[in-house]
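Structural characterization, general
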Amino acid sequence: MSQWKNKFIYGTALACLLSACATQAPPVDPAAKLDSIVAEADAAQKAGQTDKAVKLLKDATSAFPADKTPWVRLAQIRFDAENYGDAISNALEGLQRDPKDKVANSIVAVGGLRLSTKALNDLRTQNDLNGNVRSEAQGLAKILRESLGETVLVPARPKVVARPAAATAKKGAVAAKPGATPEPSGDAANPFGSLQ
């Protein structure tokens, strides 16, 4: 009787094992799963749910550590939010995985320039752009001008102040042509004038 019992147990175990193998789900393609996560993050971003998009992409960086895609998407979200420090950091992570990625390289370059511009403006406003910092900034500005083939890095944006015509007219002064933009003077003309 124990022989029949052993055969029954063996047969039942074999049947369970075969049924478990038959009901196992087919393996999921990792690239398709990543594409799905990125699409979900993009949809969340478009719906104004930036925090959800960032969380999905951060989770994807852990789940797919060798892929550049979530890092570059994170960099783009941070760049669009004008958070250039994080944008550059995420873009550099993407570049470690693909050094030729154009979006990541662009984010690093433009984000770096925007951070530099802000820092130089802050220093200029505080009148602290002098000595070694000033000479280094002038040298960097020269290199940038040469690289870009430009004579001026940041074109001046004149500030137009609306004044009543009677208040600005002086006896003997020549009236400005309608629609003409007044020329700014001095340091207001170009905040990077000292760097040119």
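1. Regarding the overall build of the protein
Looking only at helices and strands, one finds eight helices and zero strands in the protein. When the helices and strands of the protein are listed from N to C terminus, the series reads α-α-α-α-α-α-α-α. Counting only residues that meet the buried cut, the protein has 20% of its 196 residues in that class. Within the protein, contacts between residues at least 6 apart in sequence are counted, and of these 51% link residues at least 24 apart. Summed over its atoms, the accessible surface of the protein is roughly 14,400 Å², and 58% of this surface lies on carbon and sulfur atoms.

2. Looking at the confidence of the model for the protein
When pLDDT is averaged along the protein, the result is 74; 58% of the residues meet or exceed 70. Taken together, the stretch residues 183–189 has pLDDT below 50 and engages in five contacts with residues farther than four places along the chain or on a different chain.

3. Some remarks on unusual backbone geometry
Unlike most non-glycine residues, Glu-82 shows phi in positive territory, near 60°. Positionally, Glu-82 belongs in the loop between helix H4 (69–80) and helix H5 (84–97). Owing to a relative accessible area of 58%, Glu-82 belongs among the exposed residues under this scheme.

4. Points about helix H3 (residues 50–63)
Counted at 1.5 Å a residue, the expected span for H3 with its 14 residues is 20 Å, and the 20 Å between its end C-alpha atoms agrees. Here H3 has its buried residues at Ala-53, Val-54, Leu-56, Leu-57, Ala-60 and Thr-61. In an axial view of H3, the angular spread of the buried residues amounts to 160°, which keeps them on one side of the axis. Away from the buried face of H3 by more than 90 degrees, exposed residues Asp-51, Lys-55, Ser-62 and Ala-63 are located. On the buried face of H3, the contacting elements are helix H2 (30–46) and H4.

5. Some thoughts on the pattern of salt bridges
For the structure shown, the criterion picks out five salt bridges. A salt bridge links Arg-97 to Glu-93; the shortest N-O distance between them is 3.0 Å. A residue pair is termed a helical-turn pair when its members lie 3 or 4 positions apart in one helix, as Arg-97 and Glu-93 do in helix H5 at four residues. Since its relative accessible area comes to 29%, Arg-97 is described here as partly exposed. By relative accessible area, which is 23% here, Glu-93 ends up partly exposed. Here the salt bridges share partners, and the residues they tie into one network are Lys-68, Asp-98 and Asp-101.

6. Quick look at the environment of Asp-59
Tracing the sequence through the fold places Asp-59 in helix H3. Using a relative accessible area of 41% as the deciding quantity, one classes Asp-59 as partly exposed. For the pair Asp-59 and Ile-37, spaced 22 residues apart in sequence, the C-alpha separation works out to 9.2 Å.

7. Overview of the side chain of Asp-101
Among the secondary structure elements, Asp-101 is positioned in the loop between H5 and helix H6 (102–125). For Asp-101, a relative accessible area of 9% puts it in the buried group. A distance of 2.7 Å separates polar atoms of two side chains, one belonging to Asp-101 and the other to Lys-68. Separated by 3.1 Å, the side chain of Asp-101 and the backbone nitrogen of Val-103 make a polar contact. If near-sequence neighbours (up to four positions away) are discounted, Asp-101 is found in contact with Lys-68, Val-72 and Leu-95.

8. Observations concerning the side chain of Arg-78
With respect to the helices, strands and loops of the structure, Arg-78 is situated in helix H4. Buried and unpaired, Arg-78 has Asp-86 as its nearest opposite-charge partner, separated by 4.2 Å. With sequence-adjacent residues up to four places away left out, Arg-78 is seen in contact with Val-54, Lys-58, Asn-83, Asp-86, Ala-87 and Asn-90.

9. Regarding H5
The end-to-end C-alpha distance of H5 is 20 Å, a good match for the 20 Å that 14 residues give at a rise of 1.5 Å each. Contacts made by the buried residues of H5 are with H4 and H6.

10. Quick notes on the packing of aromatic side chains
Inspection of every chain in the model, using the stated rule, returns one aromatic pair. Ring plane angle 65° and centroid distance 5.3 Å describe the contact between Phe-79 and Tyr-84, whose orientation is recorded as edge-to-face.

Rules and cut-offs
Residues numbered from 1 in each chain as written. Predicted model: local features only at pLDDT ≥ 70, side-chain atom pairs only at ≥ 80, totals over all residues. Heavy atoms only, no water. Helix = DSSP H or I, 4+ residues; strand = E, 2+ residues; numbered from the N terminus. Buried < 20%, exposed > 50% of the residue type's maximum accessible area, 1.4 Å probe, protein only. Contact = heavy atoms within 4.5 Å. Areas by Shrake-Rupley, 256 points an atom, 1.4 Å probe, with all protein chains shown as cover. pLDDT = per-residue confidence, 0-100. Expected span 1.5 Å × (residues − 1). Arc of directions from axis to C-beta. Salt bridge = Lys/Arg side-chain N within 4 Å of Asp/Glu carboxyl O. Polar contact = N/O pair within 3.5 Å; in protein donor to acceptor, adjacent residues only side chain to side chain. Lys, Arg positive; Asp, Glu negative; His and termini not counted. Phe/Tyr/Trp six-rings, centres within 6.5 Å; stacked < 30°, edge-to-face > 60°.

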